[in-house]
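One letter stands for each residue in the lines below.
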Amino acid sequence: MPAFAEHKFGPKVEGHPSIGDLCPFCDVAFKAGDITTLVGLFPANTDEAESMFKGESFNMEGVEVHYGCAEEHGLTKEKEDDEIAAE
Ligand SMILES: [Zn+2]
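A quick note: this is a predicted structure, and the numbers were derived from the prediction, not measured. (Residues numbered from 1 in each chain as written. Predicted model: local features only at pLDDT ≥ 70, side-chain atom pairs only at ≥ 80, totals over all residues.)

1. A word on the overall build of the protein
Let me state the cut-off plainly: Helical segments are the DSSP runs of H or I of at least four residues, strand segments are the runs of E of at least two, and each set is numbered from the N terminus. Three exposure classes are used. Buried residues have 20 or more other C-beta atoms within 10 Å of their own C-beta, exposed residues have 12 or fewer, and partly exposed residues fall in between, all C-beta atoms being placed from the backbone. We call two residues in contact if the C-beta atoms placed from their backbones are at most 7 Å apart.
On a plain count of helices and strands, the protein comes out with 3 helices and 3 strands. Along its sequence from the N terminus, the protein presents helices and strands in the succession β-β-α-β-α-α. By residue count, 11% of the 87 residues in the protein fall in the buried class. Sequence separation of at least 24 residues holds for 58% of the intrachain contacts in the protein that already meet a minimum separation of 6.

Now the structure itself:
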């Protein structure tokens with residue numbers, strides 16, 4: 001299942017709604033100035049899951065994490081772009 005960080009968000013501004021939420025990778029709360037990304041972890045709902053099992057496209061629920069944490073876990077796409085293009 002694809003689970004990757006596609007877009008870089010930030011730096012977060014003061015008053016952003018997700019400030020104070022915990023990053024699931026490092027358990028550190030987001031704060032102003034953080035660069036974050038969304039990692040797709042699972043289908044958004046049962047209908048989407050059904051589409052996934054049928055091999056159709058589906059919407060994934062995005063979880064916000066620090067961009068650096070996504071990189072540490074190998075979830076950023078940038079490094080693999082050459083490989084994908086070569087296929
Ligand atoms: Zn983190």
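2. Some words on the sheet that holds strand E1 (residues 5-9)
What counts is decided by this rule: We call two strands paired when DSSP finds no fewer than two bridges between them. Only the stretch in contact is used when fitting a helix axis, every axis being a line fitted to C-alpha atoms; angles between N-to-C directions are given from 0 to 180 degrees.
Taken together, 3 strands build an open sheet; the order of strands is E1-E2-E3 and the sheet is antiparallel. Where the open sheet ends on each side, the last strands, each with one partner, are E1 and strand E3 (60-66). On average, adjacent strands in this sheet sit at an angle of 35 degrees to one another, irrespective of strand direction. Where E1 meets strand E2 (residues 36-43), 3 bridges bridge the pair, whose relative direction is antiparallel. In the strand pairing of E2, Ala5 is matched with Val39.

3. Some words on the pairing of E2
By the bridge criterion, 7 bridges tie E2 to E3 in an arrangement that is antiparallel. Of the residues in E3, the one forming a bridge with Phe42 is Glu61.

4. Observations concerning the confidence of the model for the protein
Detailed reading of predicted coordinates is not advised where the pLDDT is low. Operational definition: Known as pLDDT, the predictor's confidence for each residue is given on a scale from 0 to 100.
Per-residue confidence for the protein averages 84 on the pLDDT scale, and 84% of its residues sit at or above 70. Ranking the helices and strands of the protein by mean pLDDT puts helix H2 (residues 67-72) first, with 93, and helix H3 (residues 81-86) last, with 53.

5. Re unusual backbone geometry
Geometrically, the link from Gly10 to Pro11 is a cis peptide bond, its omega value of 0 degrees lying close to zero. Within the element layout of this structure, Pro11 appears in the loop between E1 and E2.

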